[in-house]
Amino acid sequence: MASITIRDVKKSYGKSPVVHGVDLDIVSGEFVVILGPSGCGKSTLLRMIAGLEEISGGEIAIDGTVVNRLEPRERGCAMVFQNYALYPHMSVAQNIGYSLKVAGVPKAERTQRIQAVARILELEPMLDRKPAALSGGQRQRVAMGRAMIREPKVFLFDEPLSNLDAKLRVQMRSEIRKLHRRLNATSVFVTHDQVEAMTLADRLVVMNGGRVEQVGTPGEIYKRPASRFVATFVGAPAMNILEGIVELDGLSLLGGSRRLPIPRVGLPVGAKVAMGIRPEAVRLVAPGSQGALNATVDLVEELGAGRVIYVDLDGAAFSVVTSETVHPAPGATVGLKISPDDMHFFSSETGARLDVFKASVPVPAH
Amino acid sequence: MVERTPILNFVTHLVLFIGFVLAVAPFAIVAIAASHNLKDVNDVPMSLLPGSDFWLNIKTAWTTADLGPKLLNSFIMATGVAAGKVIISALTAFSIVYFRYPGRTFIFWLIFITLMLPLEVRIVPTYAVVANVLSPYQTILDVTGLSWLIEKISGVRIALSFGLLNSYTGLILPLIATATGTFLYRQFFLTVPDELTEAARMDGAGALRFFIDILLPLSRTNMAALGTIMFLWAWNQYLWPLLITTDQSHATAVTELKQLIPNIGGIPEWNIAMAGTLIVMLPPLIVVVAMQRWFVRGLIATEK
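Just so you know, these numbers come straight off a predicted model, no measurement behind them. (Residues numbered from 1 in each chain as written. Chains lettered and ligands numbered in written order. Predicted model: local features only at pLDDT ≥ 70, side-chain atom pairs only at ≥ 80, totals over all residues.)

## Some thoughts on the confidence of the model for chain A
Taken residue by residue, chain A gives an average pLDDT of 85. The fraction at 70 or more is 93%. This stretch, residues 359-366 of chain A, has a pLDDT under 50; its non-local contacts, to residues over four places away or in other chains, come to 19 contacts. (pLDDT = per-residue confidence, 0-100. Contact = placed C-beta atoms within 7 Å.)

## A look at the sheet that holds strand S7 (residues 154-158) of chain A
To summarise the sheet geometry, strands pair through backbone hydrogen bonds and adopt either a parallel or an antiparallel arrangement. Residues and elements named next belong to chain A. Reading across from one edge, S6-S7-S8-S3-S9-S10 is the order of the six strands in this open sheet, with mixed pairing throughout. Of all strands in the sheet, those bounded by a partner on one side alone are strand S6 (77-80) and strand S10 (211-216). Looking at each pair of strands side by side, their axes are set apart by 20° on average, direction ignored. Packed on one face of the sheet, helix H4 (residues 136-148) meets S6 and S7 and runs near 175° to S6. (Pairing = 2+ DSSP bridges. Helix = DSSP H or I, 4+ residues; strand = E, 2+ residues; numbered from the N terminus. Axes fitted to C-alpha atoms, helices over the stretch in contact; angles between N-to-C directions.)

## A closer look at the sheet that holds strand S2 (residues 16-26) of chain A
All names here are of chain A. Strand order across the open sheet formed by four strands is S2-S1-S4-S5, with antiparallel pairing between neighbours. Every other strand in the sheet has two partners, leaving S2 and strand S5 (65-66) as the edge strands with one partner each. One ladder, built from five bridges, connects strand S1 (residues 4-13) with strand S4 (residues 57-62); its direction is antiparallel. Counted as the bridge partner of Arg-7 is Glu-59 from S4.

## Some points on the domain arrangement of chain A
Residue and element names in this part refer to chain A. Along its sequence, chain A is organised into domain 1 (4-230) and domain 2 (236-347). Taken over C-alpha atoms, the centre of domain 1 sits 39 Å from the centre of domain 2. Split by residue class, the side of domain 1 that touches domain 2 holds one nonpolar, two polar and one charged. (Domains from an automatic or database assignment. Nonpolar A, V, L, I, M, F, W, Y, C, P; charged D, E, K, R; others polar.)

## Remarks on the interface of chain B and chain A
Taken residue by residue, the interface counts 16 residues in chain B and 17 residues in chain A. When residues in the side of chain B that touches chain A are grouped by element, the largest group, six residues, is from helix H11 (residues 194-202) of chain B. Here the residues of the side of chain B that touches chain A are counted per class, giving eight nonpolar, one polar and seven charged.

## Quick word on unusual backbone geometry
Ala-236 of chain A connects to Pro-237 of chain A through a cis peptide bond whose omega is -5°. Here Asn-184 of chain A, not a glycine, exhibits a phi torsion of approximately 55°, which is positive.

## Some remarks on helix H1 (residues 6-33) of chain B
For an α-helix the count is 3.6 residues per turn, leaving residues at separations of three or four pointing the same way. For H1 of chain B, which comprises 28 residues, the first-to-last C-alpha distance of 39 Å matches the rise-based estimate of 40 Å (1.5 Å per residue) to within 8%. A bend of about 35° at Val-24 of chain B is the largest found in H1 of chain B, and the proline Pro-26 of chain B appears one to four places after it. (Expected span 1.5 Å × (residues − 1). Bend = angle between axes of the 7 residues up to and from the residue.)

## Let's talk about the nonpolar core
One finds Val-33, Ile-34, Ile-49, Leu-156 and Val-205 of chain A to be the most contacted residues of the largest nonpolar core, which totals 153 residues. If one sorts the elements of this core by residue count, helix H4 (residues 67-98) of chain B sits on top with 11 residues. Not counting chain neighbours up to four residues away, the residues in contact with Leu-156 of chain A comprise Leu-46, Ile-49, Ala-50, Cys-77, Ala-78, Met-79 and Val-188 of chain A. (Core = buried A, V, L, I, M, F, W, Y, C linked by C-beta atoms within 7 Å. Buried ≥ 20, exposed ≤ 12 C-beta atoms within 10 Å, placed from the backbone.)

If you want it as structure tokens, here you go:
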């Protein structure tokens, strides 16, 4: 159990910077998930914590000790790799116990600890097998066992579930969660899968282009995305964005075909603003209803539990998630109802969230 | 693509068979010749039916060329070269692949260049060095005038001398210093996933620990392949052993075969020569058969 403090950490390969100054405080026992698209520097950040990458600038401290210059083994971290990275020539027991062997733990104690870990992970029947004779999920468990046996201060996970099939992934996800509750060790988990991130995280760190976009609980991230990037990256299907321009009496959307009567606090006329609406927040109503926007259905995706309906709203693509039994055919006209409380506003220039806007009146139906 | 044409099947098998005959025929002729007596072996054409003097010829060849100790010499040399090569190659490749240090690329190219300089090309300087291992240092001292200076001051004349002629070390060492093995290992090490290296680092294993515990066990098949190839190569060396073993006690089996080949005007005992050849061929054959399984695996694929 340990806290991790990350202060203005930077990383560059040669002259090209990859991570541009990240600040992050991870509380002892917390499960933090770093989420971001590939190439956003999330794995690099994790590897800097692990000690596998040199830190180009800034400081990382584990439990108050600056670890910048420490070897991985001296940092008290254990890591689970994406491809498991099991030693192919060693049995499961040897794989799990290798770190203890290196540390010179006597054989009797080693065997005992391997047994204990294997019991937790239900690996006891296959301790003598080689990794090649294991299934993907079992290999993943061995990789976790290898991390667990060291009783590390910090667990680091580098996209550990991305090589598993969908069903196993869900299963391993809950196992990791249970394991964390049981061991209560500080954990940092890197993934590009937002479902994984939402379900596992105590706190979520969304990264993009080497910067932290937002840190918060999964709920906060979903409900109050701090930037346009976070808004569109988290949530599936992605949040709908309508570009707008600030006018004297409100916000003009969709090239002027709709307007929102909102105060333009602080923003000059002509400033570009993006309005976001989650597909789940849009309600389908009969076309022409009071306060509804008319749109044409392009495509309907059946999800079983509900449907995603892609519509064309005055030339802008818009998606709606509905669980209702309405099943509009492509080409039909539907009405969309949007509550002002569900609208998010972002600056088109910086992408930052704008809270000054508060649409007080429903979108008028032209 | 799987072809299912009987004609093509026949043709491919025919090609295979011709290849097989081409490969085996010389050995068969050697074996048959080794079984004839002096008269039959010199018949033209020689009878391709085996004669009855096989064991007698073998015995004669063995005693005439004193093959017992020579085979032992050959065996020591070939094993030494194979083992030395396996160890040196693994270490150099480990250094080149896993460490970042200044001059790494330079050293890599230095090793690479030795590929273009086989022993036969540099045999004279190599001989000079083996004849006196310290001669390069002597040269340095002489050229820089240091030895002259020391002689002037102390009156002692420096003459460094440490010869390796007629020794196993002299036979083995120069044959070890080539690059082929380094490249075989390098290629293999490059296929080992980085994550394995990182996992070992996270597990607390240092460089040497990683090398011994992870890399070496993983490259077992490579070692077997390299060891086998180098054993055969060293066993078949002729020029180098001939050059540096002036003393009979260190001569190798392959160079001693020459003793069995009839001189012009001598008795044409080709049956004895062939029997000797068979004996000398046998140890490498045993090594290949024994190592075949590993050998093939080491060359075609890495163990998953």
